[in-house]
2 protein chains.
Amino acid sequence: MATSQGNLINSIRIVGSGLIGTSIGLALAARGVMVEMQDRDPNAQKLAQDLMACAIAPDPELVLFAVPVSALSEVVKREFALNPASKFIDVASVKTKPQLEVSTIQGATERFLASHPMAGREVGGAASARADLFEGRAWVYCPSYSDGTSVDSDVVEAGLWLINLLGAKAISMTAGEHDAAVALVSHLPQIVSSLLAAQLQKGRGAELELAGAGLRDTTRIAASDPALWKEVIASNASEILPLLINLQNDLGSLIESIEDPTRVASLISAGNVGRALIPGKHGGKARDYYMLPVVIEDKPGQLAALFEECAKAEVNVEDLTIEHSPGQFTGLITLALSANDADVLQKHLEKSGWNVHVPR
Amino acid sequence: MATSQGNLINSIRIVGSGLIGTSIGLALAARGVMVEMQDRDPNAQKLAQDLMACAIAPDPELVLFAVPVSALSEVVKREFALNPASKFIDVASVKTKPQLEVSTIQGATERFLASHPMAGREVGGAASARADLFEGRAWVYCPSYSDGTSVDSDVVEAGLWLINLLGAKAISMTAGEHDAAVALVSHLPQIVSSLLAAQLQKGRGAELELAGAGLRDTTRIAASDPALWKEVIASNASEILPLLINLQNDLGSLIESIEDPTRVASLISAGNVGRALIPGKHGGKARDYYMLPVVIEDKPGQLAALFEECAKAEVNVEDLTIEHSPGQFTGLITLALSANDADVLQKHLEKSGWNVHVPR
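Residues numbered from 1 in each chain as written. Chains lettered and ligands numbered in written order. Predicted model: local features only at pLDDT ≥ 70, side-chain atom pairs only at ≥ 80, totals over all residues.

Caption draft 1: Structural view of the overall build of chain A. Per the secondary structure count, chain A includes 13 helices and 11 strands. Principal axes of the C-alpha set define a box for chain A whose edges measure 75 × 60 × 45 Å. When burial is assessed residue by residue, chain A has 49% of its 360 residues classed as buried. (Helix = DSSP H or I, 4+ residues; strand = E, 2+ residues; numbered from the N terminus. Buried ≥ 20, exposed ≤ 12 C-beta atoms within 10 Å, placed from the backbone.)

Caption draft 2: The arrangement of the confidence of the model for chain A in detail. Residues of chain A with pLDDT of at least 70 account for 91%, and the chain-wide mean is 88. Residue range residues 281-287 of chain A is modelled with pLDDT below 50. Its contacts to residues more than four positions away, or to other chains, number eight contacts. (pLDDT = per-residue confidence, 0-100. Contact = placed C-beta atoms within 7 Å.)

Caption draft 3: Fine view of the interface of chain B and chain A. With 111 residues of chain B in contact, the opposing surface of chain A contributes 113 residues. Take the side of chain B that touches chain A: its biggest share by element is 18 residues, from helix α6 (residues 175-199) of chain B. Of the residues contributing to the side of chain B that touches chain A, the split by class is 71 nonpolar, 23 polar and 17 charged. (Nonpolar A, V, L, I, M, F, W, Y, C, P; charged D, E, K, R; others polar.)

Caption draft 4: Region of interest: unusual backbone geometry. Residues and elements named next belong to chain A. A positive phi angle, close to 50°, is found at Ala-53, a residue other than glycine. Judged by the 11 C-beta atoms lying within 10 Å of it, Ala-53 is exposed. Within the chain, Glu-314 stands out as a residue other than glycine whose phi angle is a positive 55°. Among the secondary structure elements, Glu-314 is positioned in the loop between α12 (302-312) and β9 (319-323). The exposed category is assigned to Glu-314, around which 12 C-beta atoms lie within 10 Å.

Caption draft 5: Representation of the environment of A:Ala336 in the model. Residues and elements named next belong to chain A. Within the secondary structure, Ala-336 sits in strand β10 (residues 330-337). Overall, Ala-336 belongs to the partly exposed group, with 19 C-beta atoms counted inside 10 Å. Ala-336 sits 16 residues away from Leu-320 along the chain, and the two C-alpha atoms are 5.7 Å apart. In contact with Ala-336, other than residues within four places in its own chain, are Tyr-289, Met-291, Glu-318, Asp-319 and Leu-320.

Caption draft 6: Structural view of helix α1 (residues 19-29) of chain A. All names here are of chain A. Most of α1 sits inside the fold, with 11 of its 11 residues counted as buried. Here α1 has its buried residues at Leu-19, Ile-20, Gly-21, Thr-22, Ser-23, Ile-24, Gly-25, Leu-26, Ala-27, Leu-28 and Ala-29. Elements in contact with the buried residues of α1: β1 (11-15), β2 (34-38), α2 (42-52), β3 (62-65) and β5 (112-117).

Caption draft 7: Geometry of the environment of A:Val315. Residue and element names in this part refer to chain A. Following the sequence through the fold, Val-315 ends up in the loop between α12 and β9. What makes Val-315 buried here is the crowd of 22 C-beta atoms within 10 Å. Along the sequence, Val-315 and Thr-104 sit 211 residues apart, while their C-alpha atoms lie 61 Å from each other.

Caption draft 8: Local environment of the sheet that holds strand β5 (residues 112-117) of chain B. Residues and elements named next belong to chain B. Pairing is mixed in the open sheet, where seven strands are placed in the order β2-β1-β3-β4-β5-β6-β7. Looking at which strands have only one partner, the edges of the open sheet turn out to be β2 (34-38) and β7 (169-172). Along the sheet, successive strands turn relative to each other by an average axial angle of 25°, direction set aside. Note that strand β1 (residues 11-15) and β2 share five bridges and pair parallel. Looking at the pairing, Ile-12 lines up with Val-35 of β2. (Pairing = 2+ DSSP bridges. Axes fitted to C-alpha atoms, helices over the stretch in contact; angles between N-to-C directions.)

Caption draft 9: Expanded view of the pairing of β5(A). All names here are of chain A. Among the six residues in β5, six count as buried, and that is most of the element. Burial along β5 is two-sided: the face carrying Phe-112, Ala-114 and His-116 and the face carrying Leu-113, Ser-115 and Pro-117 are both buried. Sheet analysis places strand β4 (residues 87-90) next to β5, joined by three bridges and oriented parallel. Each bridged residue has a counterpart across the sheet, and for Asp-90 the counterpart in β5 is Ala-114.

Caption draft 10: A look at the nonpolar core. Membership of the largest hydrophobic core comes to 226 residues, with the highest contact counts inside it found for A:Leu64, B:Val35 and B:Leu64. With near-sequence residues (within four places) excluded, A:Leu64 lies in contact with A:Ile12, A:Ile14, A:Ile24, A:Ile89 and A:Val91. (Core = buried A, V, L, I, M, F, W, Y, C linked by C-beta atoms within 7 Å.)

Caption draft 11: Layout of the sheet that holds β1(A). Residues and elements named next belong to chain A. One open sheet holds the seven strands; their spatial order is β2-β1-β3-β4-β5-β6-β7, and the pairing between them is mixed. Single-partner strands in this sheet number two, and they are β2 and β7 (169-172). With direction set aside, neighbouring strand axes in the sheet form an average angle of 25°.

Caption draft 12: Quick look at the domain arrangement of chain A. Residues and elements named next belong to chain A. One can read the domain layout of chain A as domain 1 (11-174), domain 2 (178-276) and domain 3 (290-356). Distance between the C-alpha centres of domain 1 and domain 2: 30 Å. The interface is formed by 14 residues belonging to domain 1 together with 13 residues belonging to domain 2. For the side of domain 1 that touches domain 2, the secondary structure elements donating two or more residues are α3 (69-82), α4 (96-102) and β6 (138-142). When its residues are assigned to classes, the side of domain 1 that touches domain 2 shows six nonpolar, five polar and three charged. (Domains from an automatic or database assignment.)

Caption draft 13: Quick peek at α12(A). Residues and elements named next belong to chain A. Among the residues making up α12, those that are buried are Leu-303, Leu-306, Phe-307 and Cys-310. Buried positions in α12, seen along its axis, are confined to an arc of 95° and lie on one side of it. Two residues or fewer past α12, Glu-314 is found with a positive phi of approximately 55°. (Arc of directions from axis to C-beta.)

Caption draft 14: Structural detail: the packing of helix α6 (residues 175-199) of chain A against helix α11 (residues 261-276) of chain B. Two elements in contact, α6(A) and α11(B), have axes separated by 7 Å at closest approach and are oriented at 55°. Compared by their axis directions, α6(A) and α11(B) come out oblique. The two elements α6(A) and α11(B) meet at a crossing, and its hand is left-handed. For the pair formed by α6(A) and α11(B), the contact residues are A:Ser193, A:Ser194, A:Leu195, A:Ala197, A:Ala198 and A:Gln199 on the first element and B:Leu267, B:Ile268, B:Ala270, B:Gly271, B:Gly274 and B:Arg275 on the second. Here the residues of the contact of α6(A) with α11(B) sort into six nonpolar, five polar and one charged. (Parallel < 35°, antiparallel > 145°, perpendicular 65-115°, else oblique. Left-handed = near helix turned anticlockwise from the far one by under 90°.)

Caption draft 15: Main features of the pairing of β6(A). Residues and elements named next belong to chain A. Judged by how many residues are buried, β6 sits mostly within the fold: five of five residues are covered. Burial of β6 is two-sided: the residues Ala-138, Val-140 and Cys-142 facing one way and the residues Trp-139 and Tyr-141 facing the other way are all buried. Examined bridge by bridge, β5 and β6 share four bridges and lie antiparallel to one another. The residue bridging Ser-115 from the neighbouring strand is Tyr-141, located in β6. Pairing of β6 with β7, which is carried by four bridges, proceeds in the parallel orientation. Residue pairing for β7: Tyr-141 is matched across the bridge by Ser-172.

This is how it looks when you write it as structure tokens:
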């Protein structure tokens, strides 16, 4: 059973019952927190509240805003007037504008923590919510304002409690640092994906039948909600614009040199470099393993025998992939190992008669 | 056991032991075809041939070229001289250039079917090959040349046999139609993804820590091989160029109106429309496995012990993933199994005291 034992915050009001608000509510309700869901759309509010299946406290200890940037100022004013002793947190996609607006509300500034979980889906609404939406994701919080004002420490503490409870990784930034970062890693990809998908309108049916996984992946987020994104992009235009101009310059250069394989290769290589800068799942760069291919017979017992050899050779297998398909009589196991372990294991397996190949 | 009964072609030579060539070889070997793998890199050739685990015929009925466009002309000449009665098929990413080149080889024209499977991975090489790479994918073939010359019907028939055997969907096009289509659905996404990923070089470490699934998906193919792509793009520049100029125009308009939410919403909506034009997978049969999570201690010997249990329970592990990170003392192994095997193994592991969860 869920229990509220040990929770720093025992009651929360979540204003905004979309994907993000409802996902946060689900995660908290599962841990015994009393969650009240609100929304200007009564249907969305009812669905979200039903999903919580929990009691509601009249004066919540924490009020969380999961509304569009344009609605934020109004709901913060309302909630602060209702319950000025509470703690306030928002989760909007930009941070400079919310901080600016809240700093005009007398007394609210220090009680308001601007934050942004780096999670979402291309589908929205309470029905798409998932309690595990934030696990392993970065979650930015802004403990101070650009004029040097600090958020009260009990409010910051409540924010960190929330972030940790939801399995996210708390990252402290100023609002300006945040907005520059999301312009690069979130708003630019959204614009590029939408621009690319928009070109498909010129395609004929037979052409689009040739679409593969590459096109599907690059345009997945082009299915995102225009109403949500028009606000996000317009609110962060000053950070996005220089990135678009850089992109325009690079595109212009490519157009000039499209028939020159060397220049084209430079672009693809630059993309390789940029892609490799994206950290792996657990934060921290993708670890550099050697991949050792071993061809085995595709039948039960072969994997066990292979791992017995790994144990004998005293190597630590960091990851592996198995490639085979029904009706195929061999399987390819690729073991990921440290450079030294790959070397040790290759020699060991060769001696023992395995069909092992050169690590790479 | 595999049998060659009912196969139209009983022996094939595959020139080029990369991802595509080796994947085709695996699928054919599994159906009892004698497959000879060739490559200018002896290591790649040996690994690919070992994976086939089958006999080699001296005079193959079919020769398949899975080499870069720039190497095609030379290998077609060589193979045609060796065995002019054979049938020839290529699988290069552009089709106008291969047809043009082959039409200069006296006598080869009618024996050569230009074709292109719409499948690939951002990782290359024989070690990444999979026999099921083509299942449910479109596979274009070009039964005639731009001057009206037809490919011999027995060669077209062999091509269709191959395409169907590999589970792909045969689509007849002229080389020109093909090259226009792949410019839109394959080459443009590659360029856009590379351009986007290249912008990340300007990001600082903390900014990239905020990267989420949207950035990862849009830049996945930016990890592709520059040596391969510089040729593909340069060989199809005349089809790609007008698409890039359209993109440039749309980007220019957006830059002018970035602070106007209505214009931004129009772009995102146009992206929605384009995205929705992409057809679903062609009855792609994603294999339906059950995933069985097992939590283990992250130390050598644990995997061996686990696979020993799998062997004892007489289940066949189809795939697995390992999730762990440095400083973490447990690892999560997720085993992919048939419904029945997942059930059998879960009960077996529970009885033996393993930390096993419910398959899903």
